[in-house]
Amino acid sequence: QVQLVESGGGLVQPGGSLRLSCAASESFVFYVMAWYRQAPGQQRDMVATITTGGGTNYADSVKGRFTISRDNAKKMVHLQMNSLKPEDTAVYYCNIYGRYDYWGQGTQVTVSS
């Protein structure tokens, strides 16, 4: 089972930027990867996906502000978050797309003035 560790979260003011990182325990070259987030009292939502060929898709709420990328050689996935809003506050998780029986610890992102 591929294990994933998220990092890079923190406290940022509205309009600021953060870059989240996801380190994998083994190769995920054959998998679609995704970032999810979960705000207090809400369900876990998909934020962005990236295919094996590098194609990307984003939730409407983050489109144009977030960018997902992958580095298969380094076994890393990243999420560049710009123009952050308070509504982006959540715990962010990375995972293999379609895998729901495993979740890492996630990384907390708090957007507040």
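Preceding this section is the structure that the text describes.
What counts as what
Residues numbered from 1 in each chain as written. Predicted model: local features only at pLDDT ≥ 70, side-chain atom pairs only at ≥ 80, totals over all residues. Heavy atoms only, no water. Helix = DSSP H or I, 4+ residues; strand = E, 2+ residues; numbered from the N terminus. Buried < 20%, exposed > 50% of the residue type's maximum accessible area, 1.4 Å probe, protein only. Polar contact = N/O pair within 3.5 Å; in protein donor to acceptor, adjacent residues only side chain to side chain. Disulfide = S-S within 2.5 Å. Patch = residues over 30% accessible without salt bridge, like charges linked within 9 Å, V, L, I, M, F, W, Y side chains within 5 Å. Areas by Shrake-Rupley, 256 points an atom, 1.4 Å probe, with all protein chains shown as cover. Salt bridge = Lys/Arg side-chain N within 4 Å of Asp/Glu carboxyl O.

Undergrad: I'd like a description of the environment of Ser61, backed by residues and values.
TA: With respect to the helices and strands, Ser61 occurs in the loop between β6 (56–58) and β7 (66–71). The class for Ser61 is partly exposed, based on a relative accessible area of 41%. Sequence separation of Ser61 and Leu4 is 57 residues, and the distance between their C-alpha atoms is 25 Å. Side-chain polar atoms of Ser61 contact the side chain of Arg37, separated by 3.4 Å.

Undergrad: Describe the state of the cysteines, listing the residues and the values that go with them.
TA: The full count for this structure, using the stated rule, is one disulfide. Across the disulfide from Cys22 sits Cys94; the S-S distance is 1.8 Å. Handedness here is read from the sign of the S-S torsion; for Cys22 and Cys94, about 60°, the answer is right-handed. Of this pair, Cys22 sits in strand β3 (residues 18–24) while Cys94 sits in strand β9 (residues 90–96), and the two are 72 residues apart along the sequence. Both residues of the pair, Cys22 and Cys94, belong to the buried class.

Undergrad: Can you break down unusual backbone geometry residue by residue, with the values?
TA: Its identity is not glycine, yet Lys75 carries a phi of approximately 55°, on the positive side. Among the residues examined, Lys75 registers a relative accessible area of 30% and is labelled partly exposed. In this structure, Ser83 is a non-glycine residue whose phi angle is positive, near 50°. Topologically, Ser83 is positioned in the loop between β8 (76–81) and β9.

Undergrad: If you had to explain a nonpolar patch on the surface to someone new, which residues and values would you point to?
TA: Nonpolar side chains collect at one region of the surface, where Met46, Tyr97 and Tyr100 lie side by side and expose about 330 Å² of accessible area between them. Counting through the fold element by element, Tyr97 comes out in the loop between β9 and β10 (107–111).

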